[in-house]
Each structure stands twice: as C-alpha cells, then as structure tokens.
Amino acid sequence: MSTNRIATMDHKPLLIVREKVGGTPMVAVDAVGCKPGDWVLCVGSSAARDATGTKAYPSDLTIVGIIDKWEG
Amino acid sequence: MEIHQVTHQLILTSRLDDLGHLPVKVLKSVSGGTSAALDPIGCKVGEWVFTIANSAARTASGDDRYLTDLTISGIIDNWPQDVDKD
C-alpha cells in the first residue's frame, strides 16, 4: 500500500476505506484485521492515535470494529 | 488520512521558526480540495501521497514543536488503483 512512508508509522497495515460505495477513498490504520468488502467503524482525530495500540501513533483515522450487518 | 496528488512546492522565505525547514507542498485532494502540507519525505510533483491531520500531524513531521496540522506521511505505491477507473 505505501512502502515509502515516515519511519514513525512502522509496519502497521494501512487500508483504503470509503464512506459509501463510490465515496472519497481515505487511508486508515487497520487495528482490527478486516478484509476487503467489510463494513467497518473508524475513529478520528486524537482517539485514532491511541486506537492503533501504540501511544501517540501518527494516525488521524483508525479502524476500531467490523460491523456485523450494514447495507451500504 | 486523505489521499492527494502533489501539485507544486510552496516557497515561504519568511516563516515562523517553529515551522522548521521542511518543504511545504501544495496538494490537490481526491475530493477536489486544495491544501498545503509539511513534507518530511521529499516527494515529487505528481506523486500520489496520503496525509495525516490534527494533532498527529505534528508527531508525523518528526518533531512535536513543528506548527503543522497536515503532514505528508507516505507515498502510495500504485494509485489510482485499477478498480478506480470511472
């Protein structure tokens, strides 16, 4: 996804997420381990940093859960 | 983290010391908006990158003293993805 990234991001998985089908793609840190096609819940701003599992990690969007049922 | 394409570099001869000496790049985001971000990586014009905003932007720039709210944090390997052809 992005081999050339800032060192402080180390090796956390980065995934493309969209709010709705065809929506604007954004990059999120995957703290849960989801697969393409999953509908997930993301958290932003300062909470996104600690949600990655590393204190003060440089992220402003982190996936925190997979939604069981959601019609996109 | 938003995805952008680098359009050009911003030259700011007089700037606050706490802005540091990292280059500032002008970016066009996938959703069409324009923004300026600190660039600790040194990416080139035309490259697709993603940025980090809010308080994490300062950590991402490598030094919490830097007065930034948007920092380029990585160059995306293959973008736009083939699935994105509309």
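Predicted model, so just to flag it, every value in this text is computed and none were measured. Every chain's residues receive numbers from 1 upward, in the order its sequence appears when written. A letter from A marks each chain and a number from 1 marks each ligand, given out in the order of writing. Since the coordinates come from a predicted model, pLDDT governs what is reported: local features require at least 70, and pairs of side-chain atoms require 80 or more to be given and counted, while whole-chain, interface and lining totals use all residues. As a rule here, side-chain values come from all non-hydrogen atoms in the structure, and water together with hydrogens is ignored.

With respect to unusual backbone geometry
Phi angles above zero are rare outside glycine, and Asp10 of chain A is one such case at about 30°. Put simply, DSSP H or I for four residues or longer makes a helix, DSSP E for two residues or longer makes a strand, and each gets a number counted from the N terminus. Position of Asp10 of chain A relative to the elements: it lies in the loop between β1 (4-5) and β2 (14-18). The phi dihedral of Asn54 of chain B is positive, around 60°, even though this residue is not glycine.

Notes on the nonpolar core
Joining through side-chain atoms within 4.5 Å is the link that ties buried Ala, Val, Leu, Ile, Met, Phe, Trp, Tyr and Cys residues into a set, and such a set is a nonpolar core. Working definition: with a 1.4 Å probe on protein chains only, accessible area under 20% of the residue-type maximum means buried, over 50% means exposed, and in between means partly exposed. Ranked by internal contacts, the top residues of the largest apolar core, which has 14 residues, are Met9, Leu14 and Val27 of chain A together with Met1, Phe50 and Ile52 of chain B. Elements that contribute at least two residues to this core include exactly β3 (25-30) of chain A together with β4 (48-53) and α1 (56-60) of chain B. Core analysis: the next-biggest nonpolar cluster, separate from the first, contains nine residues, Val6, Cys43, Ile72 and Ile75 of chain B among them.

Considering the interface of chain B and chain A
It is common to report an interface's size as the accessible area lost on association of the parts. Whether two residues are in contact is decided by their heavy atoms, any of which lying within 4.5 Å being enough. Contacts between chain B and chain A engage 25 residues on the former and 25 residues on the latter. Salt bridges are defined as contacts in which a side-chain nitrogen from Lys or Arg sits within 4 Å of a carboxyl oxygen from Asp or Glu. At the junction of chain B with chain A, the criterion picks out zero salt bridges. By the criterion applied in these results, polar contacts are pairs of N or O atoms within 3.5 Å in which, for protein atoms, one can donate a hydrogen and the other can accept it, and in which residues neighboring in sequence qualify only through two side-chain atoms. Between chain B and chain A we count 11 residue pairs in polar contact (both at pLDDT 80 or more) in total. When contributions to the side of chain B that touches chain A are tallied by element, the ones reaching two or more residues are β4, α1 and β5 (70-75) of chain B. By residue class, the composition of the side of chain B that touches chain A is 14 nonpolar, eight polar and three charged. Two strands qualify as a pair provided DSSP detects at least 2 bridges between them. Inspection of the sheet shows β1 of chain A paired to β5 of chain B by two bridges, in the antiparallel sense. Following the sheet pairing, Arg5 of chain A is matched in β5 of chain B by Gly74 of chain B. For this scheme, ten residues count as nonpolar: Ala, Val, Leu, Ile, Met, Phe, Trp, Tyr, Cys and Pro. Four count as charged, namely Asp, Glu, Lys and Arg, and the remainder, Gly too, count as polar.

What to know about the pairing of strand β5 (residues 61-66) of chain A
Residue and element names in this part refer to chain A. Pairing of β3 with β5 involves two bridges; the strand directions are parallel. The partner of Asp30 across the bridge, within β5, is Ile63. Bridging between strand β4 (residues 40-44) and β5 involves five bridges; their strand directions are antiparallel. Bridge pairing in β5 places Leu41 opposite Gly65.

Examining the confidence of the model for chain B
Per-residue confidence from the prediction method is given by pLDDT, with values spanning 0 to 100. Across chain B, the average pLDDT comes to 90, with 94% of residues at 70 or higher. Scoring the predicted complex yields pTM 0.87 and, for the interface, ipTM 0.82.

Structural notes on the sheet that holds β3 of chain A
Sheet strands line up and pair through hydrogen bonds in the backbone, either parallel or antiparallel. Residue and element names in this part refer to chain A. Across the sheet, which stays open at both edges, the four strands sit in the order β2-β3-β5-β4 with mixed pairing between neighbours. Because the sheet does not close on itself, it has two edges, and the strands there are β2 and β4. Taken over all neighbouring pairs, the strand axes of this sheet differ in orientation by 50° on average, direction set aside. In this analysis, axes come from line fits to C-alpha atoms, helices being fitted only over the stretch in contact, and the angle between any two N-to-C directions falls in the range 0 to 180 degrees.

Quick notes on the layout of surface pockets
All names here are of chain A. By volume, the largest pocket amounts to about 880 Å³. Lining the largest pocket are 25 residues, with Ile16, Val17, Arg18, Asp38 and Val40 sitting closest to its centre. Taken together, the elements giving at least two residues each to the lining of the largest pocket come down to β2, β4 and β5. The element best represented in the lining of the largest pocket is β2, accounting for four residues. Residue composition of the lining of the largest pocket, by class: 16 nonpolar, four polar and five charged. Site definitions follow a grid-based scheme: protein atoms alone, a 1 Å grid, a 1.4 Å probe that fits but cannot get out for cavities, and for pockets an open set with protein on both sides within 12 Å along at least five of seven lines, plus lining residues having an atom within 4 Å of a point. Grid points are joined across faces, edges and corners, and a volume is the space filled by probe spheres set on the points.

Focus on the pairing of strand β1 (residues 3-10) of chain B
In the sheet, β1 of chain B pairs with β4 of chain B via three bridges, with the strands oriented antiparallel. Looking at β4 of chain B, one finds that Gln5 of chain B is bridged to Trp48 of chain B.

Quick word on the environment of Leu14 of chain A
Residue position: Leu14 of chain A is located in strand β2. Sequence spacing of Leu14 of chain A and Thr62 of chain A is 48 residues, and the spatial spacing of their C-alpha atoms is 9.1 Å. Those residues in contact with Leu14 of chain A that sit more than four places away from it in its chain are Met1, Arg5, Met9, Val27, Ala28 and Val29 of chain A together with Met1 and Phe50 of chain B.

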